[in-house]
Amino acid sequence: MRDCEEDTMDGKKKTTEIQKKTVIQKRAGKKPAGGSERQMCPAAEKCGGCAYQGLPYEIQLEKKQRYMESLLKNICPVRPIIGMDNPYNYRNKVHAVFGRLYDGTILSGTYEKNSHRIVPIESCMIEDACADAIIRDIRGLLKSFKIKFYNEDSGIGLFRHVLIRRGFATGQVLVVLVTASPVFPSKNNFVKALLKLHPEITSIVLNINDKNTSMILGEREIVLYGKGYIEDVLCGRAFRISPKSFYQVNPVQTEVLYRKAIELAGLTGKERVIDAYCGIGTIGIIMSRYAGEVIGVELNPDAVRDAKANAKRNEIHNIRFFQNDAGKFMLSMAEQGKKADIVFMDSPRTGSDEAFLSSVVKLNPKRIVYISCGPETLARDLKYLVKRGYRAEEAWPVDLFPWTSHVEVVCLMSKVEK
Ligand code: SAH
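Here's a quick rundown of the structure. (Residues numbered from 1 in each chain as written. Predicted model: local features only at pLDDT ≥ 70, side-chain atom pairs only at ≥ 80, totals over all residues. Heavy atoms only, no water.)

Before going further, it helps to spend a moment on the side chain of His198. Inspection of the secondary structure puts His198 in the loop between helix H5 (187-197) and strand S6 (201-208). According to the relative accessible area criterion, His198 is buried, its value standing at 6%. One polar contact links His198 to Asp137, side chain to side chain, over a distance of 2.7 Å. Apart from residues lying up to four places away in sequence, His198 is in contact with Ala133, Ile134 and Asp137. (Helix = DSSP H or I, 4+ residues; strand = E, 2+ residues; numbered from the N terminus. Buried < 20%, exposed > 50% of the residue type's maximum accessible area, 1.4 Å probe, protein only. Polar contact = N/O pair within 3.5 Å; in protein donor to acceptor, adjacent residues only side chain to side chain. Contact = heavy atoms within 4.5 Å.)

This is the structure in structure tokens:
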């Protein structure tokens, strides 16, 4: 899950109560999604992915709103959460593990918490339905091709996982087959058979993960079909996304989140902006037209390669990307006497470390726009910045993860004028 997710197997003006409820309901759509009936997914208990199973959507939003208000009490005013009109099948990235029962039945699904027991999943209310269909058919192919499954406990066997990414705007589909070895018997025929069943697939990649780790993807990749990545469109900009690059899992709400973040930044077209933890450059590229200059910094080399290609593809000339630790990069900027007017930061769930936050303070931007999928670390980091000359102006929760307890939040901080 940053689903704020890393690709691991283990599974962000004071309104009165009544006003708030109205806004929440409006944003959640006309029809009460999820209804009042206690709809349960058959895998809910064992899968554990959807902590809010059975709760009407409006109640989920209220719970998230209250949670954020209690966390940020006396730190930052919390605006009404922005919910989804249709909170189903929103995930553009789907991961499945595979295994075989003693009677030969092939299972696909997710691991039960803290175990290697597979919880079989046929279809999921939050995952992309096309991806679920591809996974079901891969199960059949694995059987007919007599592919051996990897055993997480013994470390023996071949086939480990499937990761599917679909560009909701482009329809492009990337299938990543994760195996413990590059020797995949009849791989060309396997690819042909999969494409015959699902001609919508635009790329297939073999990823080799021979490590006993909770990370889904290994280092090595062999492109079996297509370009080896998908493209998607967010806020009118095109992005390419490689298997190992981070990309928000709910593109519909990501547009809402990014637009809010850019609005909060109050750009006039002149500012020098840092996009820290920039991933494939989404936020920076989308905001570049409202800023003077954008500098993106990101640790993952695949993501930086995507970001540079994305800037070129969108013909953006006022943006540069650097592969570096965001904190080290900003510290060195401050030491060289370089300035930034605004810092956007979109850290992983663990939040930012003190080295990063102190580098922001040294860089001394007028405003900080903090996007977070870890509200607890956001609260911790805001307290740090408030003690060092910033005011937390407003926090907007955006529901990127319906049916789960996760919250995404965008928060504006301003330098207190002395
Ligand atoms: N802003 C992007 C990505 C956010 S996810 C988007 O909205 O799509 C967080 C990103 O931080 C990931 O791409 C991860 O690779 C990167 N990251 C993690 N630790 C980092 C560090 N110390 N310095 C720079 N980037 C880091």
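The structure having been displayed, the exposition proceeds.
This paragraph deals with the sheet that holds strand S14 (residues 367-372). Taken in spatial order, the seven strands line up as S12-S11-S10-S13-S14-S16-S15 in an open sheet, and their pairing is mixed. Taken across any chain shown, the strands that pair with only one partner, and hence form the sheet edges, are strand S12 (319-323) and strand S15 (390-398). Across this sheet, the average inter-strand angle for adjacent strands is 15 degrees, counted without regard to direction. Along the sheet, helix H10 (residues 354-363) contacts strand S10 (272-276), strand S13 (342-346) and S14; its crossing angle with S13, the most-contacted strand, is approximately 165 degrees. (Pairing = 2+ DSSP bridges. Axes fitted to C-alpha atoms, helices over the stretch in contact; angles between N-to-C directions.)

Running from N to C, helix H3 (residues 57-71) and helix H11 (residues 375-386) cross one another at 25 degrees; their axes reach a closest spacing of 10 Å. The angle between H3 and H11 places the two elements in the roughly parallel class. Here H3 and H11 pass one another in a crossing that is right-handed. Residue-level inspection shows Tyr67, Met68 and Leu71 of H3 in contact with H11, the latter providing Pro375, Glu376, Leu378 and Ala379. A per-class count over the contact of H3 with H11 returns six nonpolar, no polar and one charged. (Parallel < 35°, antiparallel > 145°, perpendicular 65-115°, else oblique. Left-handed = near helix turned anticlockwise from the far one by under 90°. Nonpolar A, V, L, I, M, F, W, Y, C, P; charged D, E, K, R; others polar.)

Here we come to the pairing of S6. For S6, a buried count of seven out of eight residues is recorded, marking the element as mostly surrounded by other parts of the structure. Looking at chain direction, strand S5 (residues 173-179) and S6 are connected through seven bridges and run parallel. Of the residues in S6, the one forming a bridge with Val173 is Ile201. In this fold, S5 hands off to H5, which returns the chain to S6; that crossover is right-handed. Looking at chain direction, S6 and strand S7 (residues 220-225) are connected through five bridges and run antiparallel. (Right-handed = clockwise from strand over helix to strand, strands pointing away.)

Running from N to C, helix H9 (residues 326-335) and H10 point in directions that differ by 25 degrees, and their axes come no closer than 8 Å. By the angle class used here, H9 and H10 are roughly parallel. Of the two elements, H9 crosses H10, and the hand of that crossing is left-handed. The residues of H10 that touch H9, namely those facing Ala326, Gly327, Met330, Leu331, Met333 and Ala334, are Phe356, Ser359, Val360, Lys362 and Leu363. Residues that form the contact of H9 with H10 fall into these classes: eight nonpolar, two polar and one charged.

On to the site of the ligand, then. Taken together, 16 residues form the shell around the ligand, and within it Tyr258, Glu298, Asp325, Ala326 and Asp346 come nearest. Here Tyr258 contributes a side-chain N or O atom positioned 2.4 Å from an oxygen atom of the ligand. Between the ligand and the protein, one listed contact pairs a nitrogen atom with a backbone N or O atom of Leu299 at 3.2 Å. Its free accessible area being 570 Å², the ligand has 87% of it covered by the protein chains. Each residue belonging to the shell around the ligand can be placed in one class, and the counts come to eight nonpolar, four polar and four charged. (Near = heavy atom within 4 Å. Areas by Shrake-Rupley, 256 points an atom, 1.4 Å probe, with all protein chains shown as cover.)

This part takes up the packing of aromatic side chains. Scanning the entire structure with this criterion turns up eight aromatic pairs. Residues Phe145 and Phe190 carry aromatic rings whose centres are separated by 5.3 Å and whose planes lie at 70 degrees to one another, so their mutual orientation is edge-to-face. Linking Phe145 in the loop between helix H4 (129-144) and strand S4 (159-166) with Phe190 in helix H5, this pair joins segments that are 45 residues apart in sequence. Exposure remark for Phe190: the relative accessible area of 0% places this residue in the buried category. Plain terms: the ring middles of Phe149 and Phe159 are 6.4 Å apart, the flat faces sit at 85 degrees to each other, and that makes the pair edge-to-face. Pair noted here: Phe149 is in the loop between H4 and S4 and Phe159 is in strand S4, with a separation of ten residues, a long-range link. Like Phe149, the residue Phe159 is buried in the burial classification. Taken together through their ring pairs, the aromatic side chains of Phe98, Phe145, Phe149, Phe159, Phe184 and Phe190 make up a single cluster. (Phe/Tyr/Trp six-rings, centres within 6.5 Å; stacked < 30°, edge-to-face > 60°.)

In terms of nonpolar packing, the biggest core is built from 61 residues, with Leu267, Met287, Phe321, Phe344, Val369 and Val410 touching the most fellow members. Counting residues per element, this core draws most heavily on helix H6 (residues 251-265), at six residues. Look past the residues within four positions of Val369 in its chain and what remains in contact with it is Ala261, Ala265, Ile342, Val343, Phe344, Met345, Val410, Cys411 and Leu412. Formed by 35 residues, the second largest nonpolar core is a distinct cluster that contains Tyr277, Ile295, Phe329 and Phe356. (Core = buried A, V, L, I, M, F, W, Y, C linked by side-chain atoms within 4.5 Å.)

Now for unusual backbone geometry. Its identity is not glycine, yet Asn89 carries a phi of approximately 45 degrees, on the positive side. With respect to the element layout, Asn89 can be found in the loop between H3 and strand S1 (93-100). Located in the positive-phi region is Ser186, a residue other than glycine, with phi close to 45 degrees. Within the fold, Ser186 resides in the loop between S5 and H5.

Functional significance is not addressed by these values, which are geometric in nature.
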